Amino acid sequence: MHTDKKDDCTKSRTPALDFLWENAPRHATKQIRDGALCYSHLPNGIEILDDKWVLSRLLFTDKLMDAKEYTSRRSIDPNNHDGQEAAVLNSICFRGRRGLRSLYERLRGNNAVVSMKEQVNSPHKIRVVLVDLDPNYNAKNQKWNTGQNFIPRNLWVIKDANSNGYGGVWIMNMDLPPDRQTLLKEDQSPLGNNENCRYVAQEYVCSPVLYQGKKCHVRVYAVVMSGSKNIAYVHRKCFLHVANKKFESVAHCNVFDPAVHITNCCANSHDPEAFAGEIVADLQLAPEDHVQERRENGQNGVVPLKEYYPSIAASVQLLMRNAMQFIQGGEQNNGFEYLGLDFILSHKDGQPVAYLLEVNCPPSQDTATGLKHAEDLHDEVLKDLMDMWVIPCVEYGSASLEAQLGEREGQYGWYCVYNDNETRDSTKDKLFILPSKAALVNKIRWGMFERRMKKKDEEMIEFVLNRKLGLKESGPSAADISNFARTQFPYFSTDNERKSFIFLENAGGSQVPSQVINRMVESLSHRHRSVIGQKSKEDAKRVTMTLLGGSERRHEVFFGMNASSLFESLARLYVNSGFLRENDNVILASENHSANVAPWVDAATRTGAHLRWWILQNSSIAKKYVTSSDIEKLLCPNTRLVCLSHSSNVLGCVRDIRAICHQVREKCPRSHIIIDGVAAAPHVFPAVDNLGVDWYVVSYHKIFGPHMGAVIGRICALSDIWNTEGYQDQLTKILEVGTLNYEACNGIVGLGQYFSSLASFDSGIAMKKNEELLPGDNPVQFQDSFVSDLSEKLVIKAYERIHETEIECLEYVKHSLSRNKMVYLIEDGSHNLPIMSFVHKNIPSKEIVDHCSRNHIMIRCGSFLTTDIFRKELNLDEHCCKEDQGIVRASFCHYNTLEEAEAFIATLHKIKGW
């Protein structure tokens, strides 16, 4: 763009150069670039766009502005991009190791609250569904779509803001105790001693989209121009960069393995056998339009990524909108910035999203690998940039060019994602500031902005914490929740002697809150069997339906003395109804409690059915049985009953029952699925309707309630068993033998009241306080409003708080026990319930229990009514002393504290020979 005006700007200009490309502006080229017809940078562009610290500031600028200022600066996306908002990761700037320690102290315990709807099977780690971009890999490895993968909830990526390439990146689990935080230790931390060094903490993406089972990121190419308009484009062609190891290895450890997390080509190309190369992808290619065979090992095909383009476009638009005020002034030399943006793909609320990780300005103009297809893509993108912007700018000027850009959308592979719509009138004699001077102005402008943002750093941390928690205000910490819970349980407040006891035998039977106790006392104080008693029973069934996540349209609730009696009644029901017949198969899990084994063994004996055992691992321990560690291999058309546990009372591992139900329904549609939820229900929301089981059994004395069992049955399963008129009444007589304990029913109503209090104690919306009935009050009217208002939403919130408190104890005790080579920690895969079972190589189990008891710590040892097959699978003879006294079990729940966990471990260390 030229002017004939004789002014200070034009007098000093050297003869115009058509085009100048520099990787970074140099002082020696200042006058040349100021007078060029087209130049490869914007004033201060690299300092702003190629800086991790600045990127974090820019992406969160809108969050800290007042609404009026934010609205006035918003621009409209020229192509709408489906109206999608930019997906932005929580990100915090800090300086030095001291700054990281301060951040750690704030973030520890304030981890993300994950919807229990989405992570039914993991109360302590996020259960993520991992999608793979390779459909062939998905077809062979269905677990990436339907299975479970557990990720610690409070992972953060720590980045050195001054580092380029693949260095200066670490993973930090903020929930781990200080003694396990290498980055905080002066003698081990790679952060060094410079307390002014800039770092960025960025939230870890827990459910990344994978490529052939490995983590990957997308290198997207963009360009931002400064002419009569400020415009940004994204090129359709891009790369997938892939890690060297499969992502599943991160699920069960807290150790940072670069081969799992790092997707940088330079870092990974040193291992040619694992390196996937640079994989070509296309942001305008949809999967359904993709007819070419997909690449194998980086050789053929193109990965279609059109579904992620709207999110990528929205992120670039957000970045440009907030960055333009600090890189303006490039109109005179038609400056542009060529960008390489790294995105990690994921899904949020079921929608594909792309999170911007960092920006390279400019990206390398050649590849790190030298692969021909990668070099060809680089050449294509750069050629399209020359054809779309550089050559027309030199020949016609940007004003003439920009008038045609809208008509040529996508013609050269570039698609517009940002247009500030503030056209500068080039027909007037308007002077543009020299780009070199504009750079100085921009630096001053950024310095003023950075000082303003520094004052808001504390506000930024609070914003991230609240955003991560999903609350308008900071919610209670794990300590707040456990402290509140302890005020509700008389066990912790009866006398000073009791207060010194640490109760860690919750898996055998939990303590009871005052809401349950008071309701039971009320029922005993106002006994009227046919009225109050019957009403208590009906209300208890409604509360049970809500607490366990059933559906009144699809389920029925029945009560019994306990879980064992209900399993026995169910087994008799299947035998007497003729549903279970000769040569049918019954599948049992070796980890089942005997209550969910013995009745079915007896039923099989009586009917001539056959038993099949789902075991932990294939071995020679059970040759006389039909066994497999793969449940799918046990399924066949003759499979009639599948009897499993949601969680073992020893292993502390929650099974993916929903996925198992899907397998069973697909292969054996006639079969029924019976689940023992006794060990899982105190810790994880059962979500029975979501699981798809036929029967789900719990025992309330394990869930902070009275001694009573409950079972939810699927109505269509009931009709399968007893397909006659009035079958529900018949089933009730079979399952609910004799008169129910109405006091226990009222206690279940009180348990629902406790759950609502736990979910809402900090917000002042608890539905009913722990009140006592006054003489003459009607207990039926007293509880009516509560029962009708108890909602699944409140129950889910209570369970979220339950697992938020339990994770500290679980991680601390598990880590401490696993470090002792003399201790054999009994687990299977994901250990996600606070149930720790172990044996010691030299110390008898009873001696450990007795030592803890003398120190006022209640734990237990024994077989815990496990099966013979399970005990043989554990092979305890190799791991414990010859004097077999069973397994030691310490089980925590939400009213236990981290201090109690620490006291437990300290007590174990006092045992001689520990």
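So, here's what we can say about the structure.

Reading the values: rules and limits
Residues numbered from 1 in each chain as written. Predicted model: local features only at pLDDT ≥ 70, side-chain atom pairs only at ≥ 80, totals over all residues. Heavy atoms only, no water. Helix = DSSP H or I, 4+ residues; strand = E, 2+ residues; numbered from the N terminus. Polar contact = N/O pair within 3.5 Å; in protein donor to acceptor, adjacent residues only side chain to side chain. Expected span 1.5 Å × (residues − 1). Buried < 20%, exposed > 50% of the residue type's maximum accessible area, 1.4 Å probe, protein only. Axes fitted to C-alpha atoms, helices over the stretch in contact; angles between N-to-C directions. Left-handed = near helix turned anticlockwise from the far one by under 90°. Contact = heavy atoms within 4.5 Å. Nonpolar A, V, L, I, M, F, W, Y, C, P; charged D, E, K, R; others polar. Pairing = 2+ DSSP bridges.

Structurally, aspartate 282 can be placed in strand E12 (residues 278-282). A polar contact of 3.0 Å, which involves the side chain of aspartate 282, links it to the side chain of arginine 236.

This part covers helix H20 (residues 563-576). For H20, spanning 14 residues, the distance from its first C-alpha to its last is 20 Å, which sits close to the expected 20 Å at 1.5 Å a residue. Judged by how many residues are buried, H20 sits mostly within the fold: 10 of 14 residues are covered. When we look at burial in H20, the residues that qualify are Ala563, Ser565, Leu566, Phe567, Ser569, Leu570, Ala571, Leu573, Tyr574 and Val575. The residue sitting at the N-terminus of H20 and contributing the capping side-chain oxygen is asparagine 562; that oxygen lies 3.2 Å from the backbone nitrogen of serine 564.

One way to put it is that helix H18 (residues 514-525) packs onto helix H27 (residues 742-760) with a least axis distance of 7 Å and a crossing angle of 145 degrees. Along this stretch, H18 crosses H27, giving a crossing that reads as right-handed. Across the interface between the two elements, Gln515, Val516, Arg519, Met520, Glu522, Ser523 and Leu524 from H18 touch Tyr742, Glu743, Ala744, Asn746, Gly747, Gly750, Leu751, Gln753, Tyr754 and Ser757 from H27. Residue composition of the contact of H18 with H27, grouped by class: 7 nonpolar, 7 polar and 3 charged.

Right, let's get into the sheet that holds strand E30 (residues 887-891). The strand order E26-E27-E30-E29 describes an open sheet built from 4 strands, whose pairing is antiparallel. With one partner strand each, in any of the chains shown, strand E26 (823-826) and strand E29 (860-862) form the two edges of the open sheet. Adjacent strand axes in the sheet meet at a mean angle of 35 degrees when their direction is disregarded. The pairing of strand E27 (residues 835-840) with E30 spans 4 bridges and is classified as antiparallel. Paired with serine 837 across the strands is arginine 889, a residue of E30.

What follows deals with the sheet that holds strand E6 (residues 155-160). Spatial ordering of the open sheet is given by E3-E8-E6-E7, a layout of 4 strands whose pairing is antiparallel. Strands at the two margins of the open sheet, each flanked by one partner only, are strand E3 (91-95) and strand E7 (169-173). In this sheet, neighbouring strand axes are inclined to one another by 25 degrees on average, regardless of whether the strands run parallel or antiparallel. Together, E3, E6 and strand E8 (198-203) form the strand contacts of helix H4 (residues 52-59), whose direction differs from that of E3 by roughly 135 degrees. Lying over the sheet, helix H6 (residues 96-107) contacts E3, E6, E7 and E8, oriented at roughly 140 degrees with respect to E3.

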